[in-house]
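Descriptive structure summary
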Amino acid sequence: MKNFLHLPELDDTTLRDLLARARAIEKTPVSDALKGRVLGLVFLNPSLRTLSSFQAGMAQLGGSSFVITPGQGTWALEMQDGVVMDGATAEHVREAVPVLCQYADLLGVRCFAGGKDLALDLTEPVLGAFARHATKPLINMESAIDHPCQALADWKTLDDLEIPARGGRFTLSWAWHPKALPLAVPTAALSMAARRGMDVTVLRPEGYALPREVMALAHSEAARSGGSVRETSDRHEGLDGAHVLYAKSWQAPACYGDSEKEALLRAPLREWCVAEDWFRPAQKDAVFMHCLPVRRNVKVKDEVLDGPRSRVIRQAGNRLHAQKAVLLSLLGVR
Amino acid sequence: MKNFLHLPELDDTTLRDLLARARAIEKTPVSDALKGRVLGLVFLNPSLRTLSSFQAGMAQLGGSSFVITPGQGTWALEMQDGVVMDGATAEHVREAVPVLCQYADLLGVRCFAGGKDLALDLTEPVLGAFARHATKPLINMESAIDHPCQALADWKTLDDLEIPARGGRFTLSWAWHPKALPLAVPTAALSMAARRGMDVTVLRPEGYALPREVMALAHSEAARSGGSVRETSDRHEGLDGAHVLYAKSWQAPACYGDSEKEALLRAPLREWCVAEDWFRPAQKDAVFMHCLPVRRNVKVKDEVLDGPRSRVIRQAGNRLHAQKAVLLSLLGVR
Amino acid sequence: MKNFLHLPELDDTTLRDLLARARAIEKTPVSDALKGRVLGLVFLNPSLRTLSSFQAGMAQLGGSSFVITPGQGTWALEMQDGVVMDGATAEHVREAVPVLCQYADLLGVRCFAGGKDLALDLTEPVLGAFARHATKPLINMESAIDHPCQALADWKTLDDLEIPARGGRFTLSWAWHPKALPLAVPTAALSMAARRGMDVTVLRPEGYALPREVMALAHSEAARSGGSVRETSDRHEGLDGAHVLYAKSWQAPACYGDSEKEALLRAPLREWCVAEDWFRPAQKDAVFMHCLPVRRNVKVKDEVLDGPRSRVIRQAGNRLHAQKAVLLSLLGVR
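Cut-off values and rules
- Residues numbered from 1 in each chain as written.
- Chains lettered and ligands numbered in written order.
- Predicted model: local features only at pLDDT ≥ 70, side-chain atom pairs only at ≥ 80, totals over all residues.
- Helix = DSSP H or I, 4+ residues; strand = E, 2+ residues; numbered from the N terminus.
- Rg over C-alpha atoms; globule rule 2.2 N^0.38 Å.
- Buried ≥ 20, exposed ≤ 12 C-beta atoms within 10 Å, placed from the backbone.
- Domains from an automatic or database assignment.
- Contact = placed C-beta atoms within 7 Å.
- Pairing = 2+ DSSP bridges.
- Right-handed = clockwise from strand over helix to strand, strands pointing away.
- Least-squares fit on C-alpha atoms with pLDDT ≥ 70 in both.
- Axes fitted to C-alpha atoms, helices over the stretch in contact; angles between N-to-C directions.
- Nonpolar A, V, L, I, M, F, W, Y, C, P; charged D, E, K, R; others polar.
- Left-handed = near helix turned anticlockwise from the far one by under 90°.
- Core = buried A, V, L, I, M, F, W, Y, C linked by C-beta atoms within 7 Å.
- Expected span 1.5 Å × (residues − 1).
- Arc of directions from axis to C-beta.

It is worth spelling out the overall build of chain A at this point. Within chain A, the regular secondary structure consists of twelve helices and eleven strands. Expected size for 334 residues packed as a compact globule is a radius of gyration near 20 Å; at 20 Å, chain A falls within 12% of this value. In terms of its C-alpha atoms, chain A occupies a principal-axis envelope of roughly 55 × 50 × 35 Å. Per-residue burial over chain A gives 59% buried out of 334 residues.

This is the structure:
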């Protein structure tokens, strides 16, 4: 594994190896495996779990990390080629990335979607620029359209909970949120569950179908693994027999980049706040998952988050173990 | 010791042990005692000493730390239960704290007073929320109404200077400041000196008596140790025979949350700027203490800070030693 | 070597030793030489290379570092003596620096020019204040008028490239930039090349001659080493036979502190953007150097940065090796 950019790029052996390592690391979290190694973390967007778990993870493996936040203590970065840089950006990714790769043994980057142009965001322009110019292994710490660290942690969580891969029912449900949110986590969760071989349902209101490209990826991952993917806007149908309800908000692809129009479409959908009664058609012991941060009583009610179904803390805990497996693997440590 | 939240919660043995450890660590500052251990630092407010001394301390003990600053690189945190989170806060302390506790071996939090409602601040709402949801030891890095790391360092400073516990006279004096400041440091210094068994005087202008609850705590600490606590607004009386003048500004409790009214009350008090002549009634070699940061020539004159009485640098130095003792103790390292 | 503030302060033996160490460290980058040691980094201005390379460097040598950014997470610092601090600054450098020196084994500070008063900036008021109050070794991470870490890395780069010291031709060229920039890097690069014994030319448009004091320093460094320094505004003359074109923008000294007047002077000079055809009079294999960050197609064209002449990435890489040599030397590690 040269980089860790998208789960669908990994073959089954690599994926199985990462998950096995993550389980082993959970049992033996501290070592000197990465002594003298340095991880450079570039955050173009906010973070809590990613920032702290990558730093903690490197430290627990005997290594170290530094954090760069362009535009806040560091120059704003230009991503586009051929540009005359007489505006706000002071440094080009063509210099910044090779420079950081001389200081660090590997690099992580968080680069949310631009949110203006869906077709552009689907090409992963910023992650792509980092990947093109990196001379060391690169980790996607959430990009325009993917969040593979979350997906790997979620896969481990499903394994931990012994939720069946074949025959397990995974429902990704849209939820209301005061802002138009990116597509990275729903895309990652959906294709992860499909790749795990689960029967996946995307439950979302009219107008919130995920983009064709995202659904196509999920279908191809399902085909690879023997899983299935379907969509519905009917809550009962969407949760029928579900083992997992994975909630996330995302913006309507048809209004991408037009937040006013999107807000109008979203306005009547506040009832899309996950409550205990959503689970009626699901498996009796169905669990609730969410990547965090979550807005309480907006996307999901306290009764669910504080009740016995919630696995959100465990999901976040698995970020640490999964990412340590990625770090070791990228640095070629057996 | 499970957490380090408030000095008055600690029994004499624990306190004595922390001070002895701090002295020992000062002599042997570097070790591998905390190898592989990670400290998570959450700063809801600015810091210089705390931020740098906790990071340096962990590193010198062979461990590591990460820093989280909600609202600046990390989501703004919601502290209140039951809230519909459709405003500015994106993550609830109910998730954030348990998540961080999965990455770190212990947590520190800085959470200044809200400054609107004294009764509320006296209940330590934010520190309390962190403590309720923490699954690892928690350190109070200054809260609404206490600063135990400072208090422990100050106690060590008094010991270093061989200022008598029984019979030592400790004057906590109010000082002018352009802003209405919290009550954490005066509360911590006052109850620390009382607990040490000293004869403590609170010297403050009319209208600046500390809240009843704060004075009651100090009296109970004095009763526990054989010390005494009194109050005066007369400078000569307040400093008569003093071994220590500990200066700090704080807002008038009667105007709590009303900064305009408070500013009117404070306006005529600019002469409350500690000068060399304040020490006339004190012991000949009386010392000046302050927790820093200090506004020069506003709270205290250059002649005092740059003169032979000042111990402010030593106080800050003892933060490092005291906190390392706390870290070792909380992590059960003998 | 007690501090690392300005290259001209170092004698030849010290300089040669630093360069030899930097070469050795490049080959053996990881060690335990600074185990248990802590570097405090104070950033009063933004950074990418400095922030990341100092942290990575300490970690690779087995040590650790912490970062303080006054005004962003830490109190704004007062630099001036005797001031009544009732304004924006909450902590004086007279306290902050001795305090940090109790936590760290050495300190680095970045403090760009005030940019209002050239005569004042030439006295290095902030770096001077830090140096006066530091009780541990101090590193200049770019000050008002110098950038010795860059200069040392650039010297190593010239050595790596086997560009002759005696007889080597080094052209420091002004370049256009949308903002009035400080004099630190041109001063550092100029006096470094002169000290290395090179024949140095400052190529700049009318009105952009470097201040008398800066040129005097360069001349004295050249006299010390057998090099030479001259100035021209003629591009052909300036680059005739050059081995190195080192580009940098700086503000016109005559308009120092008057950005509107400076902008008028600068407006017609946009053609001062380094292009491949600039190299016609130079050596056939002449190289392009720049300290980064660089605004592409403003200071230099893509064709140069992406072409075979550019050594900017190597320069930045040498920051790491050079600074590690400085750290070891200041901490007395052989």
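What follows is about the domain arrangement of chain A. All names here are of chain A. For chain A, the assigned domains read domain 1 (7-146 + 319-330) and domain 2 (162-310). Here the C-alpha centre of domain 2 lies 26 Å away from the C-alpha centre of domain 1. The partner domain 2 presents 17 residues to the 16 residues of domain 1 that form the contact.

Here we come to the environment of Thr50 of chain A. Residue and element names in this part refer to chain A. Locating Thr50 in the fold gives a position in helix 2 (residues 49-60). Residues Thr50 and Arg110 lie 60 residues apart in sequence; the distance between their C-alpha atoms is 8.9 Å. For Thr50, the contacting residues outside a window of four places in its chain are Arg110, Met141, Glu142 and Cys149.

Time to look at the pairing of strand 2 (residues 64-68) of chain C. Put simply, side chains in a regular strand alternate between the two faces of the sheet. Residues and elements named next belong to chain C. In terms of burial, strand 2 is largely enclosed, as five of its five residues are buried. A two-sided burial pattern is seen for strand 2, the buried positions comprising Ser64, Phe66 and Ile68 on one face and Ser65 and Val67 on the other. Sheet topology note: the strand 1 (residues 38-43)/strand 2 ladder contains five bridges and is parallel. Within strand 2, the position partnered with Gly40 by the bridge is Phe66. Between the parallel elements strand 1 and strand 2, the chain passes through helix 2 (residues 49-60) in a crossover that is right-handed.

Turning to the interface of chain C and chain A, a few remarks are in order. On the chain A side, the residues contacting the 29 residues of chain C number 25 residues. For the side of chain C that touches chain A, the secondary-structure elements that each account for two or more residues are helix 2 and helix 12 (312-330) of chain C.

A few words now on the pairing of strand 8 (residues 199-203) of chain C. Residue and element names in this part refer to chain C. Extensive coverage of strand 8 is indicated by the burial of five of its five residues. Neither face of strand 8 is open: one carries Asp199, Thr201 and Leu203, the other Val200 and Val202, and all of them are buried. The sheet contact formed by strand 7 (residues 169-174) and strand 8 spans five bridges and is parallel. Across the sheet, residue Leu172 finds its bridge partner in strand 8, namely Val202. One crossover worth recording links strand 7 to the parallel strand 8 by way of helix 7 (residues 184-195), and it is right-handed.

Right, let's talk about the relation of the copies chain C and chain A for a bit. Structural alignment of chain C on chain A gives an RMSD of 0.0 Å, achieved by rotating through 120° and translating 0.0 Å along the axis. Given the turn and translation reported, the copies of this chain are related as if by a three-fold rotation axis.

Note that Pro211 of chain B resides in the loop between strand 8 (199-203) and helix 8 (212-225). Not counting the four nearest positions on each side in its chain, Pro211 of chain B is found in contact with Leu118 and Pro253 of chain B.

Moving on: the sheet that holds strand 5 (residues 106-110) of chain A. All names here are of chain A. On the basis of which strands lie adjacent, the open sheet formed by four strands has the order 2-1-5-6 and parallel pairing. Every interior strand has two partners, whereas the edge strands, strand 2 (64-68) and strand 6 (138-140), have only one. Strand-to-strand, the axes of this sheet are offset by a mean angle of 20°, without reference to chain direction. Relative to strand 6, strand 5 is paired through three bridges, and the arrangement is parallel. Residue pairing across strands places Leu107 opposite Leu138, the latter belonging to strand 6. The sheet contacts of helix 2 involve strand 1 (38-43), strand 2 and strand 5, and relative to strand 2 the element is tilted by about 155°.

Residues and elements named next belong to chain C. The sheet built from five strands is open, its strands ordered 9-8-7-10-11 with parallel pairing. What marks the edges here is a single partner per strand, and that holds for strand 9 (228-232) and strand 11 (287-289). Taking each pair of neighbouring strands and ignoring which way they run, the sheet shows an average axis angle of 20°.

What follows is about the interface of chain B and chain A. When the parts of a complex come together, some accessible area is lost, and that lost area is often taken as the interface size. With 25 residues of chain B in contact, the opposing surface of chain A contributes 29 residues. Mapped onto the side of chain B that touches chain A, the elements with two or more residues apiece are strand 1 (38-43), strand 2 (64-68), strand 4 (91-92) and helix 3 (93-103) of chain B. Looking at the side of chain B that touches chain A element by element, the count peaks at seven residues for helix 3 of chain B. Residue classes in the side of chain B that touches chain A are distributed as 14 nonpolar, eight polar and three charged.

All names here are of chain B. Residue placement: Leu217 occurs in helix 8. Since 22 C-beta atoms lie within 10 Å of it, Leu217 is described here as buried. Sequence separation between Leu217 and Leu106 is 111 residues, and the spatial gap between their C-alpha atoms is 28 Å. Among all residues touching Leu217, those that are not within four sequence positions of it are Pro8 and Ser191.

Let us look at the packing of helix 1 (residues 12-27) of chain B against helix 12 (residues 312-330) of chain B. Residues and elements named next belong to chain B. The contact between helix 1 and helix 12 brings their axes to 8 Å, and the two run at 115°. Every pair of crossing elements has a handedness; the one defined by helix 1 and helix 12 is right-handed. Contacts from Leu18, Arg21, Ala22, Ile25 and Glu26 in helix 1 reach His321, Ala322, Lys324, Ala325, Val326, Leu328 and Ser329 in helix 12. Each residue belonging to the contact of helix 1 with helix 12 can be placed in one class, and the counts come to seven nonpolar, two polar and three charged.

Judged by nonpolar contacts, the single largest core of 348 residues is most densely connected at Leu245 of chain A, Leu245 of chain B together with Leu245 of chain C. Excluding residues that lie within four positions of it along the chain, Leu245 of chain B makes contacts with Thr171, Ser173, Leu239, Val274, Trp278, Phe279, Ala282, Ala286 and Phe288 of chain B.

Residue and element names in this part refer to chain A. The end-to-end C-alpha distance of helix 6 (residues 148-160) is 18 Å, a good match for the 18 Å that 13 residues give at a rise of 1.5 Å each. Of all 13 residues making up helix 6, eleven are buried, and the element is well covered by its neighbours. Of the residues making up helix 6, those classed as buried are Pro148, Cys149, Gln150, Ala151, Leu152, Ala153, Asp154, Trp155, Lys156, Thr157 and Leu158.

Turning next to the packing of helix 12 of chain B against helix 3 (residues 93-103) of chain C. Helix-helix packing: each pair is described by the crossing angle between the helix axes and the interaxial distance. The N-to-C vectors of helix 12 of chain B and helix 3 of chain C enclose an angle of 35°; their axes lie 9 Å apart at closest approach. Pair helix 12 of chain B / helix 3 of chain C crosses with right-handed handedness. Taking contact as the criterion, the partners of Val312, Ile313, Ala316, Gly317 and Leu320 of chain B in helix 12 of chain B are, on helix 3 of chain C, Glu95, Pro98, Val99, Gln102 and Tyr103 of chain C. When its residues are assigned to classes, the contact of helix 12 of chain B with helix 3 of chain C shows seven nonpolar, two polar and one charged.

Here we take up helix 5 (residues 125-133) of chain A. Looking only at helix 5 of chain A, the buried set comprises Val126, Leu127, Ala129 and Phe130 of chain A. Taken down its axis, helix 5 of chain A places every buried residue within 160° of arc, on the same side.

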